[in-house]
Amino acid sequence: MILKATVRALLAIVATLPLGACGASPAQMGDEAATREQKGQGSLADPRVLTCANRNGFVEDESTLLASIGPHDLVEGPLVIPGLLAWGAAKPEEYGTGNRFKVGAVVRQGGRVTLSIPEEFHESAGLLYAEAARTAANPAGADHSVTFVACDDHDTLFVGGFHVLAPRCVPFDIAVPGRPVVRKEISFFDGKC
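Structural notes on the overall build of the protein chain
Point 1. Counting secondary structure elements, the protein chain contains two helices and 13 strands.
Point 2. Counting every position in the protein chain, which comprises 193 residues, the buried fraction comes to 51%.
Point 3. Considering only contacts within the protein chain whose residues lie at least 6 apart along the sequence, 72% involve residues at least 24 apart.
Point 4. A total accessible area of about 8,900 Å² is found for the protein chain, and carbon and sulfur atoms account for 54% of it.

Here it is in structure tokens:
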């Protein structure tokens, strides 16, 4: 299937990217929330902020990241997570190990979006997009809310993924400035939610 091949190609690019931050100073990051110590915290009101300057990896040419959006991609406002809607019918080992599943989040040029896991799911699901969250031993120690701020001049890839005690369905609250918060329930290898 062409869509699956495209998603796998994007995942292969993401998998080869370094996990370290790009070396930007806190002043260059533009937001204290990006560097603060956060252990398993985060809400729509208090997210970790990842920007063009402090994200974990880069792709030399990001101009083709959103060239082929398909029906299995999670799309909400400027956020696109390739292939995520197909995970319900997939096998966990296709996307990761140890309940850690890797998938990049792409945000359209100049966009800002917050992805948040409701508090009642913090013990079973977390976000692994910030370097500090990647050492979490379990979902409770991961981030639970991340604001992605794209570069002003191009679509932007944020390297990361999810720490989910799969199989299960997990709701995500997605906030785009100026719009109502949208809740999307995503199946992590658990059939249809």
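Topic: the nonpolar core
Point 1. With 32 residues, the main nonpolar core has Ile-81, Tyr-129, Phe-148, Phe-162 and Phe-188 as its most contacted residues.
Point 2. Mapped onto this core, the elements with two or more residues apiece are strand E3 (79-81), strand E6 (105-107), strand E7 (112-116), strand E8 (125-127), strand E9 (145-149), strand E11 (161-164), strand E12 (168-175) and strand E13 (182-188).
Point 3. Among the elements that take part in this core, E12 stands out by supplying three residues, more than any other.
Point 4. With seven residues, the next largest nonpolar core counts Val-59, Leu-66, Val-80 and Leu-157 among its residues.

Description of the sheet that holds E7
Point 1. One open sheet accounts for five strands, arranged E1-E9-E7-E12-E13; its pairing is mixed. Only two strands of the sheet have a single partner each, and these edge strands are strand E1 (48-50) and E13. Strand-to-strand, the axes of this sheet are offset by a mean angle of 25°, without reference to chain direction.
Point 2. Relative to E9, E1 runs parallel, the two sharing three bridges. In the strand pairing of E9, Leu-50 is matched with Phe-148.

Section: the pairing of E9
Point 1. Burial runs high along E9: five of the five residues are buried.
Point 2. Side chains Ser-145, Thr-147 and Val-149 of E9 all project onto a buried face; the interleaved residues Val-146 and Phe-148 project onto the opposite face, where all are buried too.
Point 3. In the sheet, E7 pairs with E9 via five bridges, with the strands oriented antiparallel. Its bridge partner being in E9, Ser-116 is matched across the sheet by Ser-145.

Section: the state of the cysteines
Point 1. Counted according to the given criterion, the structure contains two disulfides.
Point 2. Cys-52 shares a disulfide with Cys-151; S-S distance 1.8 Å. Classification of the bridge connecting Cys-52 and Cys-151 rests on its S-S torsion, roughly 85°, and on that basis the disulfide is right-handed. With Cys-52 in the loop between E1 and strand E2 (74-76) and Cys-151 in the loop between E9 and strand E10 (156-158), this residue pair connects regions lying 99 residues apart in the sequence.
Point 3. Covalently, Cys-169 is tied to Cys-193 through a disulfide, its sulfur atoms 2.1 Å apart. What sets the handedness of the Cys-169 and Cys-193 disulfide is the S-S torsion sign, and at about -100° it is left-handed. Of this pair, Cys-169 sits in strand E12 while Cys-193 sits in the segment after E13; the two residues are 24 residues apart in sequence, bridging distant segments of the chain.
Point 4. Judged by its relative accessible area of 43%, Cys-193 falls in the partly exposed class.
Point 5. Going through the protein chain in sequence order and numbering each bonded cysteine, the pairs you get are 1-2, 3-4.

Details of the sheet that holds E11
Point 1. The four strands are arranged E4-E5-E11-E8 in an open sheet whose pairing can be described as antiparallel. Either end of the sheet is taken by a strand with one partner, and the two such strands are strand E4 (96-97) and E8.
Point 2. Relative to E11, E8 runs antiparallel, the two sharing three bridges. The residue bridging Ala-125 from the neighbouring strand is Val-164, located in E11.

Considerations on the pattern of salt bridges
Point 1. If you walk through the whole model with that rule in mind, you get four salt bridges.
Point 2. In this structure, Glu-62 engages Arg-55 in a salt bridge whose closest nitrogen and oxygen atoms are separated by 2.7 Å.

Thoughts on the side chain of Thr-147
Point 1. Examined against the element boundaries, Thr-147 turns out to sit in strand E9.
Point 2. Residue Thr-147 is classed as buried on the basis of its relative accessible area of 2%.
Point 3. A distance of 2.6 Å separates a polar atom in the side chain of Thr-147 from a polar atom in the side chain of Thr-114.
Point 4. Sequence-distant contacts of Thr-147, that is, excluding residues within four places in its chain, are made with Pro-47, Arg-48, Val-49, Leu-50, Arg-112, Val-113 and Thr-114.

The rules behind each value
Residues numbered from 1 in each chain as written. Predicted model: local features only at pLDDT ≥ 70, side-chain atom pairs only at ≥ 80, totals over all residues. Heavy atoms only, no water. Helix = DSSP H or I, 4+ residues; strand = E, 2+ residues; numbered from the N terminus. Buried < 20%, exposed > 50% of the residue type's maximum accessible area, 1.4 Å probe, protein only. Contact = heavy atoms within 4.5 Å. Areas by Shrake-Rupley, 256 points an atom, 1.4 Å probe, with all protein chains shown as cover. Core = buried A, V, L, I, M, F, W, Y, C linked by side-chain atoms within 4.5 Å. Pairing = 2+ DSSP bridges. Axes fitted to C-alpha atoms, helices over the stretch in contact; angles between N-to-C directions. Disulfide = S-S within 2.5 Å. Salt bridge = Lys/Arg side-chain N within 4 Å of Asp/Glu carboxyl O. Polar contact = N/O pair within 3.5 Å; in protein donor to acceptor, adjacent residues only side chain to side chain.

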